[in-house]
Structure formats: structure tokens, C-alpha cells
Amino acid sequence: MERRMILGFLFATLFVGVIIIILVCFTAKNGKRPEPVIDDEPFWKRSVVFQVYPRSLYDGQPDGTGDLIGIRSKAEYLSELGVGAVWLSPIYKSPMKDFGYDISDFTDIDPIFGTMADFNALVNTFHNKGLKVVMDFVPNHSSDQHPWFQKSIKRQDPYTNYYIWAKPKNVLDDGTPVPPNNWLSVFRGSAWTWNKDRGEFYYHQFLAEQPDLNYRDPNVTQEMKKVLTFWLDKGVDGFRVDSLQHLFEVEDLSLDEPVASDSDITDPDEYNYLNHTYTINQPETFTVLREWRHLLDKYPDKVLMAEVYNNNVDTVMQYYGNDTVSLADFPFNFLLIDNLQNRSQLTGHTLRSTIGLWLDSMPEGKWPNWVLGNHDNGRVASRLGTDLVDALNMMTLLLPGTPVTYYGEEIGMENTFVSWEDTQDPQGCRWGPQHYQEHSRDPARTPMQWNNSSLAGFTTANTTWLPVNPNYKTLNVEAQTKAKNSHLKIYKDLTKLRKEEVFKKGHYAFPLVTEDIFSFLRYVEESETYMLVINTSEEDLELNLHHGANIELPHTGQVVLRSITDTSVKTEPGSEVDLSKLPLVRGEGLLLLLSL
Ligand code: TEU
């Protein structure tokens, strides 16, 4: 009896084993076993990052300036938009000389934006809606009203060396002290200001009201790590690091920077008059950045985005780190801003080379990102043309990588004319009434246009801190929500599409690029292939995509999305179009599904 049981058990085991082996061989041979869908990518790879300029999103406590209650009340809007992370430009305590980029308390909220309780509530609401919250971290400088600076003036320890102080190079006969070197402020003029109480100059890369912190003092490094920890412990999801390349300067303050020989700038007060060999991208910056990275890595799923404005792409790439050292998750890719400043610079070829430059320069294994605009630059719709709004959103949201959308880009907001009297931006003000328009950043910072009621539904107060763009009557969220076709609707379709596997992990290729055409493919082998085609010219064209393509394209494709400017029946979404006779209006983006 016992033997029979043992034999039976052995047979049963053998039988099950054989079945398993057959099954494994069968599925392996066919290769059809679906991959388990594990979404283990960090959030910043899955998400669109949406930049909020807090003064301008929504005025929840009506006084004409946006605030945290206002931003929180737009959580529903943002989650419906389909963005995954919201980066807030600075909301810290500040005298607002540079609208929040001059901070007098790194761990408190400015009353103009609300209270810490408002902030906590915002983080809660956003997290409940699946939205991450990314803070602006401004480590290079503080406000001159920060208690550290006030104590540093008085040489009160440990604050004595918190800032970069220097003796004059010499003193003129009339008693005027001369700065230690020729270094310039980004906002023009000498980067040194004399402090008579301390009897020394202090260095400021930006405004005199923004003294640079001295990272050669270990106390400063510690203090700023405490700042990061403070916000991480509150549950924020990461940081955008401001002005990172300016963090260190050479130790020897007697060194003058050389005049830029390759530039046509003749005004010696202008920042780019000099080559910044001694004041940017110093090796010590990377050591500090690495420490911040380590600190963030103690918390799960945090992002570190670095602001590095530099026209040498290899310099910018250093901020990614490499395959052994991780630094920022990405430095912002400003190439689409720097290389494409106006429509005449935009062609199929320049788009291809600009995009390729980033992709090809990135260190192995790193993740791209795409920026069309921000609070420091003119709005993309005005720079490149309102006809291109949808095409450019399609491009940045469907290329591999993380798109960074500046508030209002989803509805195609344009630059606003701001008179000299209304100008607020210190960068504009410093150029005076004749030249402020070339330098002011105000036109891109005006209130979000929510509806066509007075002041665009941004506030119930009587005024706004910057004027509302008069085009709000037609260009606003409500109108675009009601319209059959709108920039906003396309934007939402794009954030949905991005969730498809092919846009998350698919390959990319550039099948056809000419002066007038930019195109790319996203595809998964033996699965679907999408093709985005953009007419970069200023004329309506009928394109033959077979002409000049570097792969064999099918005869037809199915329209998935098209720019709102295209009203032709031929290209209605869902219709099959002939790729050898494809009508595209000027600036149009057309997304096709191909069967290859
Ligand atoms: O910008 C850093 C910076 O280099 C900018 O000054 C940029 O070159 C310029 O705005 C282009 O017009 C950051 C912030 O983004 C900016 O808003 C602040 O004014 C600046 O830092 C100082 O904190």
C-alpha cells in the first residue's frame, strides 16, 4: 500500500513536471508571453513637469497677485491636464526684488503667497490627485535682508564668511574704493557692491540685493543641506536648482575675467562682454551637487533638475554626471529656446539638429528633457509663431524624455505688452525706458487666462500685479474647453497618448527632414508606429513623404491628431491619408499611425 502511494506520488510529480517543461518551451519559442507590466520608472520619467509661476496662476486670496490657495484650487485643472509634476517657482519669504529669487528665509513661506498651513494643504491636495510637487531651490544667493547677511555684515560668527567679501583692489584719490576684480553681474554692471558698515565689497552674481553665498565655508554647505532636508521631510518630491553654474567662483579674487574676443558686445557693463572662466562651472560645484544627490537619494523617488544656462552643450551635460556618478536627473535643455529664438531660425533642419544635439551629447543612459519656455524667456507662441503651438506641444510631449511645460503653453498664451510704467522685472528696469523691452521678462509672466470675465478670471481684485494680455477674451481656458478643437484639447490628448507604451519606451527615428519638414517616428518593433510630421514653413504645403525619406514609408497613414489650424476634411482625425499627397497648413503638426 505504502509502495503504491509512493509510486503514485512520483508519477504525479513527473507528469506535472513534464507539463511545465512543455509550457515553458512553448511560450519561450513563440516569444509571446506578455512582459509583466511593471511601472518601476521614477515619476519624473513618466510625467510632464508643469512650471507654475506662483504670482500668476490664480489669485485665491484676491489682491492681484497669485498665491498658494489659488494654486491649490487649480489641482483639478492640472490633474485633468494630465501633467504629473508641478514645479513651483519660489514661494519663500522674500523682499521680492527678483520676485522670489531673493530669499530672506529658506524655510518659510512669503505672506504674499500664504502660510505654511496653505503649503501643507497644497501638497496634500496635489498628492491626493497624484500630482508631485517640485520646489525651486535657490542655493547661489540669498536676499540681502536674510538674517545671515545682516549678521555677516557685522562679522558675527559663524556668519562672518557666509558671503563672499573682499577688500578693495585700491582706493581712488577721492576715497572711492575700487572692486577687487572686473567680474560682472548677469543683470549688468559690476558684480561687487561696497558695504560701508563692514568696509568691504560683497559679490553678487545677480542683483546687489542678492548676495552670493560662500560655499567655501562649510557652515553654508551644512545650512543649505538643512534647507533641502526641511522640505524633503515635508514630503516634497524634489527640486529645480536655480543658477547652479554660478555656485562657486575661483578662490583668488584678484583674477580678472578675460574680455570675450568672439563676441560683438562692446558695452563693458554687459554680462557677456567677458568670458566667465572664473565665475561659472567651477569643479567644486560638482562636489556640492553630488552631496545634494546623495541627500535626495536617502528618500525614495525624488527629482533633481538643474538650471544651467550655458551655450556650450558639453558643459551642460556635465551636470548629468556619468555612468558611475549621478548628479542631476537632468539639466534643463534650453536648446529649443537658445537655438530657435525666432521663426526665421526654425526649419526642419534646425529642429532636427537642435534635437539631435541634445540626444547625441547626453552621457550614456541619461534621460532627455524638452523646454519651450519659462519665466526667463519670451513665450514660445510669440517667439516662433502661434501657428506652431500644437505642433511644438506634439513634438515635446511625444519625443522620448520629459517635457517641461510653462503655465499657459497648453493654451498657447502669448507675450503681453507691458509699458515702462507697469514694468516690474528688475532685469528690464535696469535697462531703462529705451531698452527695457529687449530685456524685461515680464511679458511671459502675466496672469493665466482662465475665462473671458474681467481680468481673465485670474482674480476678483481690481488690478493685477502685471497686466492681463488683452487677448484673454478669446484666448482662455474656458473657451478652449468648450471649443470643438483647441490647443488645450490637443494638449490633453497628448498627455493621454504619452501613457502608451510606445511613447514611454519606444524607439525613435527621423525618417524625413527637409527645410520645410520635420518628422519623427516612435515605434515598438512588430507593434504600432506613430509618425509626427511638422510643416515648419510659413506656407500651406502638399507634401510627398515618400520623397527623400530614409526608410520605406507605407502608402497611407491614419490621422490621430492635427493642429487646430487645419480644417481640411481630408485630414480629419480617424481618416486614412495618402502619404504622397499630404496637405499640411503652415506650422501644422500631424500625428499619424502607420502600419509598417
Ligand atoms: O536664472 C538664472 C539666469 O542665469 C538668468 O538670469 C538668465 O540668464 C536670464 O534670466 C535670461 O533672461 C535664475 C532664475 O531663473 C531667474 O528668474 C532669476 O532672476 C535668477 O536665477 C536669479 O535668481
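Bear in mind that the values here come from a model prediction, so they are computed numbers and not experimental data.

Colleague: How should the domain arrangement of the protein chain be read in this particular structure?
Modeller: When the parts of a complex come together, some accessible area is lost, and that lost area is often taken as the interface size. For the protein chain, the assigned domains are domain 1 (43-139 + 221-247 + 279-493) and domain 2 (506-594). Of note, the centres of domain 1 and domain 2, computed from C-alpha atoms alone, are 30 Å apart. Both faces combined, the contact of domain 1 with domain 2 buries some 2,100 Å², and carbon together with sulfur accounts for 71% of it. Broken down residue by residue, the surface that domain 1 buries against domain 2 is led by Asp387, Met394 and Leu398, which jointly contribute 24%. On the surface where domain 1 and domain 2 come into contact, there are nine residue pairs in polar contact (both at pLDDT 80 or more). Elements with a contribution of two residues or more to the side of domain 1 that touches domain 2: α11 (348-361), α13 (389-398) and α17 (487-497).

Colleague: Sorry, what's going on with the site of the ligand here?
Modeller: For the ligand, the set of nearby residues contains 18 residues, the closest of which are Asp98, His141, Asp242, His375 and Asp376. Here an oxygen atom of the ligand and a side-chain polar atom of Arg240 are 3.1 Å apart. In this structure, an oxygen atom belonging to the ligand sits 3.0 Å away from a side-chain N or O atom of Arg441. In terms of residue class, the shell around the ligand is made up of five nonpolar, six polar and seven charged.

Colleague: Please explain the sheet that holds strand β20 (residues 556-562) as it appears in this structure.
Modeller: As a general point, the strands of a sheet are linked pairwise by backbone hydrogen bonds and lie either parallel or antiparallel. One open sheet holds the six strands; their spatial order is β16-β17-β18-β23-β20-β21, and the pairing between them is antiparallel. Looking along the sheet, the strands with just one partner apiece sit at the ends: β16 (507-509) and β21 (576-578). Taking each pair of neighbouring strands and ignoring which way they run, the sheet shows an average axis angle of 35°. Bridging between β20 and β21 involves three bridges; their strand directions are antiparallel. Note that in β21 the partner of Thr556 across the bridge is Asp578. Sheet strands in contact with α13 are β17 (517-523), β18 (529-535), β20 and β23 (589-594), and its direction is about 145° off that of β18. Those strands touched by α17 are β18, β20 and β23, and its axis lies near 120° from that of β20.

Colleague: What am I meant to see in the sheet that holds strand β13 (residues 330-331) here?
Modeller: An order of β13-β12-β11-β5-β2-β1-β15-β14 is seen for the eight strands of this open sheet, with the pairing classed as parallel. This sheet does not close on itself; its edge strands, each paired only once, are β13 and β14 (369-371). Pairing between strand β12 (residues 303-306) and β13: two bridges, direction parallel. Considered in β13, the bridge of Ala306 is made with Pro331.

Colleague: Explanation requested: the pattern of salt bridges in the structure shown.
Modeller: Once their charged atoms are close, side chains differing in charge can pair, the charge on each being opposite to the other. Applying the stated criterion across every chain, the model contains 27 salt bridges. One salt bridge in this structure joins Lys167 and Glu200, with 3.0 Å as the shortest N-O distance. Here Glu200 lies in strand β10 (residues 200-203) and Lys167 lies in the loop between β6 (165-166) and β7 (170-171), a separation of 33 residues in the sequence. By relative accessible area, Lys167 is classed as exposed at 57%. Glu200 sits in the buried class, given a relative accessible area of 6%. The shortest N-O distance in the salt bridge between Asp578 and Lys581 comes to 4.0 Å. In the salt-bridge network here, residues are joined through shared partners; they are Asp98, Asp376, Asp425, Arg441 and Arg445.

Reading the values: the criteria
Numbers given to residues run from 1 along each chain, matching the order in which its sequence is written. pLDDT decides what is reported in this predicted model: residues at 70 or higher carry local features, side-chain atom pairs at 80 or more are listed and counted, and totals for whole chains, interfaces and linings draw on all residues regardless. Side-chain descriptors were evaluated using all non-hydrogen atoms of the structure, hydrogens and water having been removed beforehand. Domain start and stop points were drawn from an automatic or database domain assignment. A simple way to read buried area is as the amount of 1.4 Å-probe accessible surface that goes missing from two parts once joined, with both sides added. Pairs of N or O atoms are called polar contacts if they sit within 3.5 Å, as long as, within protein, a hydrogen donor faces a hydrogen acceptor (for residues adjacent in sequence, only side-chain-to-side-chain pairs). In this text, helices come from DSSP runs of H or I with a minimum length of four residues, and strands from runs of E with a minimum of two, each type numbered from the N-terminal end. It suffices for a single heavy atom of a residue to lie within 4 Å of a molecule or strand for the residue to be listed as near it. Note that Gly is not counted as nonpolar here; it falls among the polar residues with everything else outside the nonpolar set of Ala, Val, Leu, Ile, Met, Phe, Trp, Tyr, Cys and Pro and the charged set of Asp, Glu, Lys and Arg. When DSSP finds two or more bridges between two strands, those strands count as paired. Orientation is described by lines fitted to C-alpha atoms, with helices fitted over the stretch in contact, and by angles between N-to-C directions that extend from 0 to 180 degrees. Here, residues are in contact when the closest pair of their heavy atoms is within 4.5 Å. What counts as a salt bridge is simple: a side-chain nitrogen of Lys or Arg found within 4 Å of a carboxyl oxygen of Asp or Glu. Each residue is placed in one exposure class: buried if its accessible area under a 1.4 Å probe, protein chains only, is under 20% of its type's maximum, exposed if it is over 50%, and partly exposed if it falls in between.

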